[in-house]
Amino acid sequence: MLARSVTHALIGLEPRRVEVEAHIDGGLPGFTIVGLADRACAEAKHRVRSGIGSAQLEWPLKRITVNLAPAGLRKEGSGFDLSIALVVLAASQQLPAERLAEHAAVGELALDGRIRPVRGTFAVAEGARRSGLERILCAPESAFEAELGGIEAVPVRHLAEAVAYLRGELRPPPAEPPNEMPEPDPPDLADVRGQERARRALELAATGGHNLLFAGPPGTGKTMLGRRLPSILPPLEPREALEVMRIHSVAGVLALEQPLITRPPFRAPHHSASTAAIVGGGSGPRPGEASLAHRGVLLLDELPEFQRPALEALRQPLEDGTISIARAAGQALFPARFQLVATMNLCPCAGRGDPAAVCSCSPQRLAAFRDKLSRALLDRFDLVVTVPRSRAEELAAGPSESSAPVRERVAAGRLRLSCALPARTVEADELLSRAVERLPLSGRGRARVARVARTAAALAGADVVLPEHVAEALAYRSPKELAA
Amino acid sequence: MTQSRGQEGARGNREVPLSARAGVPATARRGLAGETGFPPRDRAEGEGGGVNELVLASFAAASDAHLVCEPRSARFAAFKARFDAHAELKRLETLGFRFLARTDPAFPPLLRAIHDPPPGLFLRGEAEVQLLARPAVAIVGARACSPYGRQISRLLGRELAAAGLVVVSGLARGIDAEAHRGALEAAGTTVAVLGCGIDRDYPAANRELARQVAAIGLVVSEYAPGVEPAPWRFPARNRIVAGLCAATIVVEARERSGALITADFALEEGREVFSVPGEITSALSAGVNALLRLGATPLTCAQDVLESYGIAVHDPPELEVGVPAAGVLERVRDGAAGADELARATGLCAGELAAALTELELAGAVTQEEGVYRACR
């Protein structure tokens, strides 16, 4: 007595086809799962046995072997529970095996037989579609997510319901899109008083997708400004949204009641985060914060407090937008095309740049502080803004421009940049060359300034890059006090 | 080398002679107070090819003493008998250093005129030794200085070097380093005086700066190769800084700063002392303001110094900048300000203001540090 079903295991973001086979044979009653299952997966046998019992189905008192093929591929997590339960039932002829073969299944079993959603449903559903399966059985909470994967989802609340459906006794209601709960609005720029230069830098960053660094004494609103970047970013394109969803689903951070992501993601890991937490890792690689911020914003508050290896690991995604992680269990390629926003103080005691304080850092401490940020990393910030302490009158001023009009300008600028890249006029070129001579600008620095100047021109609605755009871009170059 | 704390501990009381200051080891005190007479000015110049001075400098390095003339001790006699001056000169040459004895005609006359000139100077760099005899100005000040002090030091270094003066300083962090950098920027000549052996770069952070100084000017020290930096050597170094120059500028100094020791040496030798006025509430300006109260000449621009050297002063050419930039410059001249303050004062939007400020920065009219813009002149 043999039954077979198809499901998918995730290696990174990639679904790999896994056949779940059950064989029931005479002999001493027993239940074995083979095929390189990890602990969570191997524990399925207890959940499956209890689940089948709770569903008032019969547990075959025979020798049961479940094989997860290919046996060389490591299987992780509890998503195989439903498949295992169903093949055991099919092998014991409690449901039609040919019907099961048309369905993929994903979900964790509760001891009472209920089906729980698992992470990565979206990617598994995509895999099922590619394998030519017609329908996927899953928990109702993840049904909508599965449908976004391009396959018909059969939402089942309980193992008994799944069995009834496969026997053709019950037709569960089709997956309903979850209640359109509006996503909470990101914090608005109207909360920021004054800070004209920093606001302008945010606008440029949002338009051109530039990386942005705020430096300055504490309490000047660096983090507050950084958190408001998402509010002026345009919504995601549908294609981008699916990319983001796949990553968030695999990482298990997708909000079940709101699986469809429309806003660019915003991630702000704490500075104690490990390298693996930032770029991804683990024995079966999982995406890190950098990938979770794909198509969105990664805010690194207090940049020099991060571990240096974690920061250096960000250089690859900043360059090519992907992170490749090789582990014993396999290699994974995670997309990570994020916009980096970082904040930092000018010195460890945070007294520099603050007229009300005196810096008490020794030169050694200052040098160690600067050593934490490699030249190579600082070089990747197109815009660097030193935020000085605001004066009292500035804080007492009325509310400033809110995010909505800025967002419109950003969208218009992006449209212009996507149509045609404005070229530099001869005068603008001359100014840039003169600046390279006079200021300590590297080759990469020159390219950076040219990019920002292009963005400034697009925001101004100009067809060509004029000298004033280059001049403005030069004002956001890395200041000498950050250089070692 | 009993203690090399790696700190320029020039905290000594300025009224107390160098010889009695705390931190000066017994050997050095003896050298100063006991065995010194007056330096042998009467000796014919060039006699002995400077060998005697090299012996003296080498003995000072070996015994950690501050020596002005030959001690009459048995220990020195033994050292001198054993010393192979020619081998030592050869060693210096292979190391890439030169030795300029006090008796050499090329020895800077101003330095020879101080009351305890060094037996000779070790030199690093390609420049001619005649460089040391050219009109020179010392720029000294605090190591932990403010952005304002850094800017002024660099500006003075640049303008004075551009006018043809040799800028002399001590290669320390802060004011000293900025003065050297300013002179290098102007493609002028600069001399760094070390408080350690000529082969050492102290502080290590300024190694690259020392290399640049040596490429265009000279790095000098009275200490033979191998001598460690030590707290009591820096006041001694300061006497050479002041001694080489007809005028000393103190840019920023706390109340008990090594820079004030340099100013004291300059005053003792009857040299001019300029002091850059600072905020009366700032601890970093306490020393310079105290100097002003004592009668130092207030320095308000580089021309003040050039006039005292009798160098013709011509006005800088008018700036050619756009209308918005001119308006911004006017506001910056009223006092240092951040970008947002300037935007409010001038009514320009953030983008226009950024462009105007860059224009001014490129023209050398303003500088930016820690997000605050200042006028340069």
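Parameters at a glance
Residues numbered from 1 in each chain as written. Chains lettered and ligands numbered in written order. Predicted model: local features only at pLDDT ≥ 70, side-chain atom pairs only at ≥ 80, totals over all residues. Helix = DSSP H or I, 4+ residues; strand = E, 2+ residues; numbered from the N terminus. Buried ≥ 20, exposed ≤ 12 C-beta atoms within 10 Å, placed from the backbone. Contact = placed C-beta atoms within 7 Å. Pairing = 2+ DSSP bridges. Axes fitted to C-alpha atoms, helices over the stretch in contact; angles between N-to-C directions. Nonpolar A, V, L, I, M, F, W, Y, C, P; charged D, E, K, R; others polar. pLDDT = per-residue confidence, 0-100. Parallel < 35°, antiparallel > 145°, perpendicular 65-115°, else oblique. Domains from an automatic or database assignment. Expected span 1.5 Å × (residues − 1). Core = buried A, V, L, I, M, F, W, Y, C linked by C-beta atoms within 7 Å.

Draft legend 1. Expanded view of the overall build of chain A. A count of helices and strands for chain A gives 21 helices and 18 strands. Seen along its three principal axes, the alpha-carbon backbone of chain A occupies a region of about 85 × 45 × 45 Å. Within chain A, the fraction of its 484 residues that count as buried is 48%. Residue pairs at least 24 apart in sequence account for 75% of intrachain contacts in chain A once pairs closer than 6 positions are excluded.

Draft legend 2. A look at the overall build of chain B. In terms of helices and strands, chain B carries 15 helices and 12 strands. Relative to its 377 residues, chain B shows a buried fraction of 53%. Pairs at least 24 residues apart make up 72% of the contacts formed inside chain B by residues separated by at least 6 positions.

Draft legend 3. View of the sheet that holds strand β6 (residues 218-221) of chain B. Residues and elements named next belong to chain B. The nine strands are arranged β1-β2-β6-β5-β4-β3-β7-β8-β9 in an open sheet whose pairing can be described as mixed. Each edge of the open sheet is held by one strand with a lone partner, namely β1 (97-101) and β9 (297-298). Where strand β7 (residues 247-250) lies against strand β8 (residues 272-275), four bridges are found, and the strand directions are parallel. Across the sheet, the residue bridging to Val250 is Ser275, located in β8. Along the sheet face, helix α6 (residues 147-162) touches β3 (136-140), β4 (166-169), β5 (190-193) and β7 and points at about 175 degrees away from the line of β3.

Draft legend 4. Helix α9 (residues 233-243) of chain B, seen in detail. Most of α9(B) is tucked away: 11 of the 11 residues are buried. Buried residues belonging to α9(B) abut α5 (109-112), β3, β4, β5, β7 and α10 (258-268) of chain B.

Draft legend 5. Inspection of the sheet that holds strand β11 (residues 366-369) of chain B at higher detail. All names here are of chain B. Strand order in the open sheet formed by three strands is β10-β12-β11, with antiparallel pairing between adjacent strands. Two strands lie at the open edges of the sheet, namely β10 (337-338) and β11, each paired on one side alone. Against the sheet, helix α13 (residues 323-333) engages β10, β11 and β12 (372-375), with an angle of about 90 degrees to β12.

Draft legend 6. Representation of the interface of chain A and chain B within the structure. With 29 residues of chain A at the contact, the number on the chain B side is 20 residues. Every element with two or more residues in the side of chain A that touches chain B is listed here: α8 (196-208), α15 (363-371), α19 (426-438) and α21 (467-474) of chain A. Its residues assigned to classes, the side of chain A that touches chain B shows 11 nonpolar, six polar and 12 charged.

Draft legend 7. Focus on the confidence of the model for chain B. Residue and element names in this part refer to chain B. Looking at chain B, pLDDT values average 84 and 86% of them are 70 or higher. This stretch, residues 1-46, has a pLDDT under 50; its non-local contacts, to residues over four places away or in other chains, come to 75 contacts. Here the predicted complex scores 0.79 on pTM and 0.80 on ipTM.

Draft legend 8. Spotlight on the packing of α8(A) against helix α15 (residues 350-362) of chain B. With their axes 9 Å apart at the nearest point, α8(A) and α15(B) run at an angle of 100 degrees to one another. If you check the angle between α8(A) and α15(B), you find them roughly perpendicular. Residues Glu196(A), Arg197(A), Arg199(A) and Arg200(A) of α8(A) touch α15(B), and the partners they reach there are Ala350(B), Gly351(B) and Ala354(B). Of the residues that constitute the contact of α8(A) with α15(B), the class distribution is two nonpolar, one polar and four charged.

Draft legend 9. Region of the structure containing the domain arrangement of chain A. Here chain A is partitioned into domain 1 (2-166), domain 2 (189-396) and domain 3 (420-484). In this structure, domain 1 of chain A and domain 3 of chain A have C-alpha centres spaced 58 Å apart.

Draft legend 10. Layout of the pairing of strand β16 (residues 383-386) of chain A. Residues and elements named next belong to chain A. On β16, burial covers both faces: Leu383 and Val385 on one face and Val384 and Thr386 on the other are all buried. Judged from the four bridges that link them, strand β10 (residues 212-215) and β16 form a sheet pairing that is parallel. Residue pairing across strands places Ala215 opposite Thr386, the latter belonging to β16.

Draft legend 11. The arrangement of α15(B) in detail. Residues and elements named next belong to chain B. End to end, α15 covers 18 Å across 13 residues, agreeing with the expected 18 Å (1.5 Å per residue, within 8%). Within the span of α15, buried status applies to Ala350, Gly351, Leu353, Ala354, Ala355, Ala356, Leu357, Thr358, Glu359, Leu360 and Glu361. Taken from the residues just after α15, Gly364 is the one with a positive phi, measuring 75 degrees.

Draft legend 12. Examining the nonpolar core more closely. Judged by nonpolar contacts, the single largest core of 249 residues is most densely connected at Ile136(A), Val137(B), Val168(B), Ile249(B) and Val250(B). For this core, the leading source of residues is helix α3 (residues 81-91) of chain A, giving nine residues. When residues no more than four places from it in sequence are discounted, the contact partners of Ile249(B) are Val137(B), Ala138(B), Ile139(B), Leu156(B), Phe274(B), Val276(B), Leu299(B) and Val305(B).

Draft legend 13. Layout of the pairing of strand β4 (residues 63-69) of chain A. Residues and elements named next belong to chain A. Only one face of β4 is covered, namely the one carrying Ile64, Val66 and Leu68; the face carrying Arg63, Thr65, Asn67 and Ala69 has none of its residues buried. In this sheet, β4 lies alongside strand β2 (residues 14-25) in antiparallel orientation, the contact comprising seven bridges. Residue pairing in the sheet places Ile24 in a bridge with Ile64 of β4. As paired strands, strand β3 (residues 30-34) and β4 are joined by five bridges and run parallel to one another. Pairing of Thr32 across the sheet is with Thr65, part of β4.

Draft legend 14. Representation of the environment of Val358(A) in the model. Along the chain, Val358(A) turns up in the loop between β15 (339-344) and α15. Between the C-alpha atom of Val358(A) and that of Ala336(A), which follows or precedes it by 22 residues, the distance is 40 Å.

Draft legend 15. Representation of the confidence of the model for chain A within the structure. Averaged over chain A, the pLDDT score is 88; the fraction of residues at 70 or greater is 96%. Strand β12 (residues 297-300) of chain A holds the highest mean pLDDT among the elements of chain A, 96, whereas helix α17 (residues 392-396) of chain A holds the lowest, 67.

Draft legend 16. Local environment of the environment of Gly107(A). Residues and elements named next belong to chain A. Inspection of the secondary structure puts Gly107 in the loop between β5 (103-105) and β6 (108-109). By C-beta crowding, Gly107 is classed as buried, having 30 other C-beta atoms within 10 Å. Sequence-wise, Gly107 and Pro29 are 78 residues apart; in three dimensions their C-alpha atoms are separated by 26 Å. Apart from the residues lying within four places of it in its own chain, the contact partners of Gly107 are Gly79, Asp81, Leu82, Ile115, Arg116, Pro117, Val118, Cys138 and Ala139.

Draft legend 17. Main features of the environment of Trp59(A). Residue and element names in this part refer to chain A. For Trp59, the position within the fold is in the loop between α2 (44-54) and β4. Using a count of 17 C-beta atoms within 10 Å as the deciding quantity, one classes Trp59 as partly exposed. When the C-alpha positions of Trp59 and Val106 are compared, they lie 21 Å apart, and in sequence the two are 47 residues distant. Beyond its immediate sequence surroundings of up to four residues, Trp59 is in contact with Arg49, Ile52 and Gly53.

Draft legend 18. Representation of unusual backbone geometry in the model. For the peptide bond that leads from Ala69(A) to Pro70(A), omega is 0 degrees, which places it in the cis range. Among the secondary structure elements, Pro70(A) is positioned in the loop between β4 and α3. Put simply, Tyr202(B) and Pro203(B) share a cis peptide bond, and its omega is -5 degrees. Following the sequence through the fold, Pro203(B) ends up in the loop between β5 and α8 (207-216). We note that Leu36(A) has phi near 50 degrees; this positive angle belongs to a residue other than glycine. Looking at where Leu36(A) falls in the secondary structure, it is placed in the loop between β3 and α1 (39-42). For Ala187(B), which is not a glycine, the phi torsion comes out positive at approximately 55 degrees. Here Ala187(B) is to be found in the loop between α7 (175-185) and β5.

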